[in-house]
Amino acid sequence: MNLLTADLAAHDITMLGQVRVHGPQAFENMRKIGAISAGALDMLAEKIIPGITTDEIDRLVYDYALAHDCLPATLHYRGYRHSCCTSVNHVVCHGIPGDRTLRDGDIVNVDVTLIKDGWHGDTNRMYFVGKVNRKAERLCEITYEAMMRGIAAVKPGATLGDVGHAIQEYAESERCSIVREFCGHGIGRVFHDIPNVLHYGRPGEGMALHEGMCFTVEPMVNLGKAAVKILNDGWTAVTRDRSLSAQFEHTIGVTATGAEIFTKSPKGLDHPPYA
């Protein structure tokens, strides 16, 4: 047994080709970090109000991580210097926290990945800042439902194309568009792993799913056209037509009968409005 094989076995992981397959103990570790990461987003539900800055949100996430003996996976990741991403209104993803003050009517996505004992929990949610208009509220409802339909398509023997198709078919039926430049990813003891999980596709195409696979489902849905661009900071992605964009994300594991969501909200706050 070589060192890699021994390390995988020690963490209840085997390899199926290039894909890591997780056993019962690995699933238990993913449940633990998933609940902690989701708890960070629960904590923010009452904090994100008009007047807060995105840097203050970042500090709250950092303090929460340390209080739970975790590290933020994004901190110093490929030069990124923050504990979360904060994407406001027409920002699609990877918005950088700073001195921007959130105003009544904004929508903001907060994306958090925490690490505990080497395991990663990756999740994000939308938040309403004060009272938002109906089109913003509807976009968030559609995006959450699209994610959940994608997760519902997960089971052994299904394909990643089935997952992407479920997301795309619903979002486009609601006259929204799917961002194609970014995707979900394998996760566990590696932050970004195989497979890539596209949020569009054709039924029956792509990699077949097997019990024990762990990955994220995280569609980005635009109210306008799908095209995005990356700003000069090298991180922030925005809609080219400046239309609103929304995203939700769960980390899941493939079970014998379907999917287990590791990052469900402990408080039942999986989508806004957060009463």
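The following refers to the structure shown. From a predicted model like this one, the values you see are computed outputs, not experimental measurements.

This part covers unusual backbone geometry. Cis geometry marks the peptide bond from Ile-194 to Pro-195; its omega dihedral reads 10 degrees. By the element assignment, Pro-195 lies in strand β10 (residues 193-197). The omega torsion across Pro-272 and Pro-273 is 5 degrees, close enough to zero to call that bond cis. Mapped onto the elements of the fold, Pro-273 is located in the segment after β17 (259-261). Even without being a glycine, Asp-117 presents a positive backbone phi close to 55 degrees. Within the secondary structure, Asp-117 is located in the loop between β6 (107-116) and β7 (119-128). Since its relative accessible area comes to 64%, Asp-117 is described here as exposed.

Turning our eyes to something else, we now look at the packing of aromatic side chains. Aromatic ring pairs: the centre-centre distance and the angle between the two ring planes describe each pair. Evaluated as defined, the whole model comprises 5 aromatic pairs. Residues Tyr-80 and Trp-235 carry aromatic rings whose centres are separated by 5.0 Å and whose planes lie at 70 degrees to one another, so their mutual orientation is edge-to-face. Of this pair, Tyr-80 sits in the loop between β3 (71-72) and β4 (85-88) while Trp-235 sits in the loop between β13 (228-230) and β14 (237-239), and the two are 155 residues apart along the sequence. Judged by relative accessible area, which is 3%, Tyr-80 ranks as buried. With relative accessibility at 24%, the residue Trp-235 sits in the partly exposed group. Arranged with centres 5.3 Å apart and planes meeting at 55 degrees, the rings of Tyr-127 and Tyr-274 form a pair that is tilted. Here Tyr-274 lies in the segment after β17 and Tyr-127 lies in strand β7, a separation of 147 residues in the sequence. The burial state of Tyr-127 is the same as that of Tyr-274; both residues are buried. Here Arg-180 stacks its cationic end above the ring of Tyr-200, 4.2 Å away from the centre of that ring.

In a regular helix each residue adds 1.5 Å, so 14 residues correspond to 20 Å; helix α3 (residues 54-67) covers 20 Å between its end C-alpha atoms and thus fits that length. Those residues of α3 not exposed but buried are Thr-54, Ile-57, Asp-58, Val-61, Tyr-64 and Ala-65. Seen end-on, α3 carries its buried residues on one side only, within an arc spanning 125 degrees. Packed against the buried residues of α3 are α2 (24-44), β3, β4 and β6. Just beyond α3, the residue with positive phi is Asp-69, at close to 55 degrees.

To continue, consider the sheet that holds strand β12 (residues 220-222). What the 3 strands build is an open sheet, ordered β8-β12-β15; its pairing is antiparallel. Across the chains shown, the open sheet's two edge strands, defined by having one partner strand only, are β8 (177-178) and β15 (245-247). Each of β12 and β15 touches helix α4 (residues 134-152); the most contacted strand, β15, lies at about 35 degrees to it.

Turning our attention to the sheet that holds strand β5 (residues 91-93). Strand order across the open sheet formed by 3 strands is β5-β14-β13, with antiparallel pairing between neighbours. This sheet does not close on itself; its edge strands, each paired only once, are β5 and β13. If you compare each strand with its neighbour and ignore which way they point, the axes differ by 40 degrees on average. By the bridge criterion, 3 bridges tie β13 to β14 in an arrangement that is antiparallel. Its bridge partner lying in β14, Val-228 is registered against Thr-239.

Moving on to the pairing of strand β16 (residues 250-254). Every regular strand shows the same layout, with side chains that alternate between the two sheet faces. The buried count for β16 comes to 5 of 5 residues, which makes it a mostly enclosed element. Side-chain alternation along β16 places His-250, Ile-252 and Val-254 on one buried face and Thr-251 and Gly-253 on a second face that is also buried. Here strand β11 (residues 214-217) pairs with β16 via 4 bridges, running antiparallel. Bridging from a neighbouring strand, Phe-215 pairs with Ile-252 of β16. In sequence, β16 turns back onto β17 through a hairpin of 4 residues.

This part is about a positive patch on the surface. Together, Arg-100, Arg-103, Lys-229, Arg-240 and Arg-242 give the surface a local cluster of positive charge. With respect to the helices, strands and loops of the structure, Arg-103 is situated in the loop between β5 and β6. The exposure class assigned to Arg-103 is exposed, which follows from its relative accessible area of 58%.

Using the criterion set out here, one finds 10 salt bridges in the structure. A salt bridge links Arg-31 to Glu-260, with the nearest nitrogen and oxygen atoms 2.5 Å apart. Here the residue Arg-31 occupies a position in helix α2, and Glu-260 occupies one in strand β17, the gap between them amounting to 229 residues. Take Arg-31: its relative accessible area is 32%, and that puts it in the partly exposed class. Between Glu-174 and Arg-138 there is a salt bridge, and its shortest N-O distance comes to 3.5 Å. Of this pair, Glu-174 sits in the loop between α5 (160-173) and β8 while Arg-138 is found in helix α4, placing the two residues 36 residues apart along the sequence. The class for Arg-138 is partly exposed, based on a relative accessible area of 28%. Among the ionic contacts, a cluster of salt bridges with common partners joins Glu-28, Arg-31 and Glu-260.

Scoring rules and cut-offs
- Per chain, residues are indexed from 1 in the order of the written sequence.
- Restriction of local features to residues with pLDDT of at least 70 applies here, the model being predicted, together with a cutoff of 80 or more for giving and counting side-chain atom pairs; totals for whole chains, interfaces and linings are based on all residues.
- Only hydrogens and water are set aside when side-chain values are computed; all heavy atoms of the structure are taken into account.
- Put simply, DSSP H or I for four residues or longer makes a helix, DSSP E for two residues or longer makes a strand, and each gets a number counted from the N terminus.
- Note on classification: 1.4 Å probe, protein chains only; a residue is buried when its accessible area is under 20% of the maximum for its type, exposed when over 50%, partly exposed between these limits.
- Pairing of aromatic rings covers Phe, Tyr and the six-membered ring of Trp, with a centre-to-centre limit of 6.5 Å; geometry is then stacked below 30 degrees between planes, edge-to-face above 60, and tilted otherwise.
- Here, over-ring charges are defined by two tests on the NZ atom of lysine or the CZ atom of arginine: distance to the ring centre within 6 Å, and angle to the ring normal within 35 degrees.
- Multiplying one less than the number of residues by 1.5 Å gives the expected span of a helix.
- The arc refers to the directions leading from the helix axis to the C-beta atoms.
- Whether two residues are in contact is decided by their heavy atoms, any of which lying within 4.5 Å being enough.
- Each pair of strands is called paired provided DSSP finds at least two bridges between the two strands.
- For helices, the fitted line uses only the C-alpha atoms of the stretch in contact; every axis is such a line through C-alpha atoms, and the angle between N-to-C directions lies from 0 to 180 degrees.
- Here, patches come from residues exposed beyond 30% relative accessible area and free of salt bridges, joined within 9 Å for like charges and within 5 Å for nonpolar side chains (Val, Leu, Ile, Met, Phe, Trp, Tyr).
- To measure how exposed things are, a 1.4 Å probe is used in the Shrake-Rupley method; for residues, cover is taken only from the protein chains shown.
- Within this document, salt bridges are pairs made up of a side-chain nitrogen of Lys or Arg and a carboxyl oxygen of Asp or Glu, the two lying within 4 Å of each other.
- In this count, Lys and Arg are taken as positive residues and Asp and Glu as negative ones, while His and the chain termini are left out.
- For this purpose, a charge sits on NZ of Lys, CZ of Arg, CG of Asp or CD of Glu.

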